[in-house]
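The residues making up each chain are set out below.
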Amino acid sequence: MEEQYFQIQGKKPLAGEIDVKGCKNAATPIIAATLLTNQPCYIQNLPLVEDIFRMLDLVKELGAKVDFIGEREVKIEAKDLDPSRIRKELVTMLRSSVFLLGPLLSRFGEVKMPQPGGCLIGARPVDAHLEGFQQLGAEVEREEKYYILKSKYLKSGEVVLPEFSVTATENILMVAALLPGKTVIKIAALEPHVKDLSRVLVEMGAKIRWLEDHTIEIEGRKKLKGFSHFVIYDPVEAGSFIILAAVTKGDIVIKNVPLNNLDLVLQKLKEFGIFLEKIESSKINGGAKLKQFQTLFDVKTKAPKEFLPVQKVQVLPYPGIPTDLQCAFGVLATQNPGETLIHDPLYEGRLRYLDGLNKMGADVSILDPHRAIVRGPSNLKGLPIENYDLRSGAAFIIAGLIAEGETLISNAYQVDRGYEKIEERLQKVGADIKRVKV
């Protein structure tokens, strides 16, 4: 496959509208959940990004029938599945392939799968998933670069996760949905996409209660039915566009922003001097269920002439600042006065993008794999930048838009994994960005 880059000429005035798409992190486990039943499942509001296409390829290879019945709606019918047909090359390039473990284990009693791939942001072991399965009675074996799971003694019970793992919480929810009896998940993640998956599982026949102290109670069924679901809008993409609009001082209306999923993000932006103006409630067609879950508005950023000093940006489990927005905040920190501590305790490779910002003229000291000091304001200069993951790629695009001269960002595919046709959407608001092939 030929290498593709993003080529950006910075310092262009931006104005217009850009809309937030469906949430990739919600859609990928929901696609996996279709494997829990042999009845037809309908998923609407899919973002048309590479991770979604690869996830659909995975379930199709297993034998599921996958049909697009609209631009963003897919019908999946997983009647005749063969777990042995898991494609290694797809699994190793897609972190979301880990979601196959739970449904295949609970439906077929055994699954052998290669280690999932994904972004190069440090160690992302599936230990939390495996520990959760074992606490429910699964047998886990490791064979070279494969995991082998067997469910001879699998039964409902209590799972205490070793960390607030979003993907492990979702995988245990899917296993428990097809286990008769009550399962309690403690130290569970509460991100919006976890709750979106739980809405699907309830529609399939499971009963789910959200208790205090990050605890979820789920009553499973021997057999689950199909569902029709409208995927939530993406809070991370919304936050990315809000920061982009603020840093570029653009006159941009961002549509379909789930404000109720961004409380601490918006509070932190206020510390920088950035406020949001609500234009109107978004006109969406997600139905009453979505409106109960997400408060959607079209908004415009109101950035100050000079940003205010902010001492610290720290990643926390939801409802904290998500790790997926930390890179965008890092770019913002290069433009405010004084020192800002960036602290991301989740992934030891997430701060690697700061080396790229330093090359562009930022003043950043990386203290350890999880902490860095950003000093600003800095005048960024465009130059060729090596990109290696989804979120750093989005951050480099933001940096390129405010840099002087030309920025060339490698590995456009990584950005395509989570941001739909990003260059076309930014072109519509005046950005000088194009995709080039080498």
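Residues numbered from 1 in each chain as written. Predicted model: local features only at pLDDT ≥ 70, side-chain atom pairs only at ≥ 80, totals over all residues. Heavy atoms only, no water.

Undergrad: Is there a simple way to explain the overall build of the chain in this structure?
TA: Helix and strand content of the chain: 15 helices and 23 strands. By the compact-globule yardstick of 22 Å for 438 residues, the chain fits well, its C-alpha radius of gyration being 21 Å. Each of the 438 residues in the chain was classed as buried or not, and the buried ones make up 58%. Within the chain, contacts between residues at least 6 apart in sequence are counted, and of these 74% link residues at least 24 apart. Accessible surface, the chain as shown: approximately 17,500 Å² in total, 47% of it carbon and sulfur. Between the centroid of the 58 positive side chains of the chain and the centroid of its 57 negative side chains there is a distance of 3 Å. (Helix = DSSP H or I, 4+ residues; strand = E, 2+ residues; numbered from the N terminus. Rg over C-alpha atoms; globule rule 2.2 N^0.38 Å. Buried < 20%, exposed > 50% of the residue type's maximum accessible area, 1.4 Å probe, protein only. Contact = heavy atoms within 4.5 Å. Areas by Shrake-Rupley, 256 points an atom, 1.4 Å probe, with all protein chains shown as cover. Lys, Arg positive; Asp, Glu negative; His and termini not counted. Charge placed at Lys NZ, Arg CZ, Asp CG, Glu CD.)

Undergrad: Can you walk me through the packing of aromatic side chains in this structure?
TA: To describe a pair of aromatic rings, one takes the distance between the centres and the angle between the planes. Under the definition given, this model contains 2 aromatic pairs. A centroid spacing of 6.1 Å and a plane angle of 50 degrees characterise the contact between Phe230 and Tyr233, whose relative ring orientation is tilted. Residue class for Phe230 comes out buried when judged on its relative accessible area of 9%. The interplanar angle of 35 degrees and the centroid separation of 6.3 Å between the aromatic rings of Phe272 and Phe329 together place this pair among those described as tilted. Of this pair, Phe272 sits in the loop between helix 9 (263–271) and strand 15 (275–281) while Phe329 sits in helix 11 (residues 323–333), placing them 57 residues apart in sequence. A cation over a ring is seen here: Lys112 above Tyr146, with NZ or CZ 5.0 Å from the ring centre. Between the NZ or CZ atom of Arg352 and the centre of the ring of Tyr388, over which it lies, the distance is 3.9 Å. (Phe/Tyr/Trp six-rings, centres within 6.5 Å; stacked < 30°, edge-to-face > 60°. Lys NZ or Arg CZ within 6 Å of the ring centre and 35° of its normal.)

Undergrad: Would you explain the environment of Asp298 in this entry?
TA: Relative to the helices and strands, Asp298 resides in strand 16 (residues 296–302). The class for Asp298 is buried, based on a relative accessible area of 3%. Considered as a pair, Asp298 and Lys75 are 223 residues apart in the sequence and their alpha carbons are 30 Å apart. Side-chain polar atoms of Asp298 contact the side chain of Lys255, separated by 3.2 Å. (Polar contact = N/O pair within 3.5 Å; in protein donor to acceptor, adjacent residues only side chain to side chain.)

Undergrad: In this structure, what is going on with unusual backbone geometry? I would like to understand it.
TA: Generally, phi is negative for residues other than glycine and the peptide bonds are trans, each holding for most cases. In this structure, the amide linkage connecting Tyr318 to the following residue, Pro319, adopts the cis form with an omega of 15 degrees. Along the polypeptide, Pro319 turns up in the loop between strand 17 (312–314) and helix 11. Residue Gly376 is joined to Pro377 through a cis peptide bond whose omega torsion reads 0 degrees. Mapped onto the elements of the fold, Pro377 is located in the loop between strand 20 (371–376) and strand 21 (384–385). You will see that Lys249, though not glycine, has its phi angle at about 55 degrees, which is positive. Inspection of the secondary structure assignment puts Lys249 in the loop between helix 8 (235–247) and strand 14 (251–258). Even without being glycine, Asn256 reaches a positive phi, approximately 65 degrees. Of note, Asn256 is situated in strand 14. Judged by relative accessible area, Asn256 falls into the buried class, the value being 11%.

Undergrad: Help me understand the sheet that holds strand 21 in this model?
TA: Neighbouring strands of a sheet are bound in pairs by backbone hydrogen bonds; such pairs are parallel or else antiparallel. Spatially, 21-22-1-23 is the arrangement adopted by the 4 strands of the open sheet, whose pairing is mixed. Two strands close off the open sheet at either side, each with one partner strand: strand 21 and strand 23 (432–437). Direction of pairing for strand 1 (residues 4–9) relative to strand 22 (residues 406–409): antiparallel, over a ladder of 4 bridges. Residue pairing across strands places Gln7 opposite Leu408, the latter belonging to strand 22. (Pairing = 2+ DSSP bridges.)

Undergrad: Is there a simple way to think about empty space enclosed by the protein in this case?
TA: Gaps between atoms show up when a probe of the same size as a water molecule is rolled over them. By the definition in use, this model includes 2 cavities of 30 Å³ or more. Computed from the structure, the largest cavity encloses a volume of approximately 70 Å³. Lining the largest cavity are Ser240, Phe241, Leu244, Ala394, Ile397, Ile398, Tyr419, Ile422 and Leu426. Mapped by element, the contributors of at least two residues to the lining of the largest cavity are helix 8, helix 13 (390–402) and helix 15 (422–427). The residue inventory of the lining of the largest cavity, partitioned by class, reads 8 nonpolar, 1 polar and no charged. When its volume is computed, the second largest cavity comes out at roughly 30 Å³. (1 Å grid on protein atoms, 1.4 Å probe; cavity = no way out; pocket = protein on both sides within 12 Å on 5 of 7 lines; lining within 4 Å. Points joined across faces, edges and corners; volume = space filled by probe spheres on them. Nonpolar A, V, L, I, M, F, W, Y, C, P; charged D, E, K, R; others polar.)

Undergrad: Sorry if this is basic, but what is going on with helix 8 here?
TA: The periodicity of an α-helix, 3.6 residues per turn, causes residues three or four positions apart to be oriented the same way. Taking 1.5 Å per residue as the helical rise, helix 8 with its 13 residues ought to reach 18 Å, and the 18 Å between its terminal C-alpha atoms agrees with that figure. Capping the start of helix 8 is the job of one residue whose side-chain oxygen sits 2.9 Å from the backbone nitrogen of Val236: Asp234. Downstream of helix 8 by one or two residues, Lys249 has phi in the positive range, about 55 degrees. (Expected span 1.5 Å × (residues − 1).)

Undergrad: I would appreciate a short explanation of helix 1 (residues 24–33) in the present structure.
TA: Judged by how many residues are buried, helix 1 sits mostly within the fold: 10 of 10 residues are covered. Among all positions in helix 1, only Lys24, Asn25, Ala26, Ala27, Thr28, Pro29, Ile30, Ile31, Ala32 and Ala33 are buried.

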